[in-house]
Amino acid sequence: MKYFYIILIMFLSFTIYSCAKKSDSSSSSSTTTELEGTWVTSCYEYSSGLYSKKTVVVSGTNYTVDYEYFSVSSCNSDNATTKWVDNQTSLSIGDAMTFNSYGSSGGSGHQFTVTHNSTTLVWLSADDVSWANTNSYCGISNWVINVAQDVSGKTCGSSTEWSSGITLYGLYLLDGTKLLPSQSPSSYPSSVSTEVSNTYNKK
């Protein structure tokens, strides 16, 4: 869920959704066992000339999402431009859900909630730091390369980041070693995207 620079650039392909319904057997268990670990997307084209890779790390009740951006299609760390991190805690697994339209035989997952603690942004190239300071990106004009700043609740380009302390409502589909999540600050999502940008593989 991150927007880069000032103009929101649309994905090159249409996003496909799988609708979710509550399963006959629901769960209010707080266990996070099936999500525990590191989940990573493939490198994908975010916009023309800009590529991205995302990582979800679940450790106990901690839920962290990294959004990394690169200037090359290999998503090589030497060509990284920026990194956003959503730090979330108090992960709680809720009702079981089914995704009847997913794949050939459907899919399953759960609703969940987390508390959003912060969103940080770090610029990884000198040219981008100069641009960010000149344009007061996120309302900040003292950016320093490789130094993260908290941008929670700030307007960055065309997007306002989530504020610290809010509850986020989530939904995920788990297909073996593939995780497809979605989050919203207002209510539980009714679907998840099956695009490559939202398909996380267990590392």
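Residue positions within a chain follow its written sequence, with the count starting from 1. Only residues with pLDDT of at least 70 get local features here, since the model is predicted, and only at 80 or more are side-chain atom pairs given and counted; chain-wide, interface and lining totals rely on the full set of residues. Processing note: side-chain calculations cover all non-hydrogen atoms of the structure and skip hydrogens and water entirely.

**Student:** Help me understand the side chain of T41, please; the structure alone is not making it clear to me.
**Tutor:** With respect to the helices, strands and loops of the structure, T41 is situated in the loop between β3 (37-40) and β4 (44-47). Note on T41: relative accessible area 4%, which makes it buried. What makes two residues a contact is simply this: any of their non-hydrogen atoms within 4.5 Å. The contacts of T41, once residues within four sequence positions are left out, are K53, K54, V196, S197, T199 and Y200. By the criteria applied, helices consist of DSSP H or I runs no shorter than four residues and strands consist of E runs no shorter than two, each listed in order from the N terminus. In this scheme, a residue with accessible area under 20% of its type's maximum is buried, one over 50% is exposed, and one in between is partly exposed, where area comes from a 1.4 Å probe on protein chains only.

**Student:** Quick question: what am I supposed to make of unusual backbone geometry here?
**Tutor:** Across the chain, the bulk of peptide bonds are trans and the bulk of non-glycine residues have phi less than zero. You will see that C75, though not glycine, has its phi angle at about 50 degrees, which is positive. Inspection of the secondary structure assignment puts C75 in the loop between β6 (62-70) and β7 (80-99). The buried category is assigned to C75, whose relative accessible area is 7%.

**Student:** Explain the nonpolar core to me, please; I cannot follow it from the model alone.
**Tutor:** A general trend in soluble globular proteins is that nonpolar side chains are found buried together. Membership of the largest hydrophobic core comes to 32 residues, with the highest contact counts inside it found for Y137 and W143. Sorting the residues of this core by element identifies β4, β5 (50-59), β6, β7, β8 (107-123), α1 (126-134) and β12 (167-175) as the ones contributing at least two each. Not counting residues up to four positions away in its chain, the partners in contact with W143 are L121, W123, V129, A132, N133, Y137, C138, Q149 and V151. Formed by eight residues, the second largest nonpolar core is a distinct cluster that contains A20, L171, L173 and L180. Take the buried residues of types Ala, Val, Leu, Ile, Met, Phe, Trp, Tyr and Cys, join any two whose side-chain atoms come within 4.5 Å, and each joined set is a nonpolar core.

**Student:** Mind showing me how you'd approach the environment of N76 here?
**Tutor:** Secondary-structure assignment places N76 in the loop between β6 and β7. In the structure, N76 is positioned 25 residues away from Y51 in sequence and 9.9 Å away in space, judged by C-alpha atoms.

**Student:** What am I meant to see in the pattern of salt bridges here?
**Tutor:** Opposite charge on two side chains permits them to pair, given that their charged atoms come into close proximity. Think of a salt bridge as a Lys or Arg side-chain nitrogen and an Asp or Glu carboxyl oxygen that are within 4 Å of each other. Within this structure, the stated rule accounts for three salt bridges. Residue D66 is joined to K83 by a salt bridge in which the shortest nitrogen-to-oxygen separation is 3.5 Å. Of the two residues, D66 is situated in strand β6 and K83 in strand β7; the sequence distance between them amounts to 17 residues.

**Student:** What exactly am I supposed to notice about the state of the cysteines here?
**Tutor:** Note on terminology: disulfide describes a covalent bond linking the sulfur atoms of two cysteines. Disulfides are defined as cysteine sulfur pairs within 2.5 Å. Per the stated rule, a full pass over the model turns up two disulfides. Across the disulfide, C43 is cross-linked to C75 (sulfur-sulfur distance 1.9 Å). Note on the C43 and C75 pair: the S-S dihedral is about 75 degrees, so by sign convention the disulfide is right-handed. Residue C43 is found in the loop between β3 and β4, and its partner C75 is found in the loop between β6 and β7; the two are separated by 32 residues along the sequence. With cysteine numbering restricted to those in disulfides and following the sequence, the protein chain has the pairing 1-2, 3-4.

**Student:** What am I meant to see in the confidence of the model for the protein chain here?
**Tutor:** Segments scoring low in pLDDT should not have their predicted coordinates read at a detailed level. Confidence along the protein chain averages 89 in pLDDT terms, with 87% of residues attaining 70 or more. As a per-residue measure, pLDDT reflects the predictor's confidence and takes values from 0 up to 100. Confidence over residues 3-16 falls short of pLDDT 50; this stretch has 38 contacts with residues more than four positions distant or in other chains. Low pLDDT (under 50) marks residues 25-30, which in the prediction has 12 contacts with non-local residues, meaning those over four places away or in another chain.

**Student:** Quick question: what am I supposed to make of α1 here?
**Tutor:** Note: α-helices contain 3.6 residues per turn, so residues at a spacing of three or four share the same orientation. Of the positions making up α1, those classed as buried are D128, V129 and A132. One side of α1 holds all its buried residues, which, seen down the axis, span an arc of 105 degrees. Exposed and facing more than 90 degrees away from the buried side of α1 are A126, D127 and T134. At the exit of α1 stands S136, carrying a positive phi of roughly 45 degrees. Taking the helix axis as origin, the arc is that swept by the directions to the C-beta atoms.

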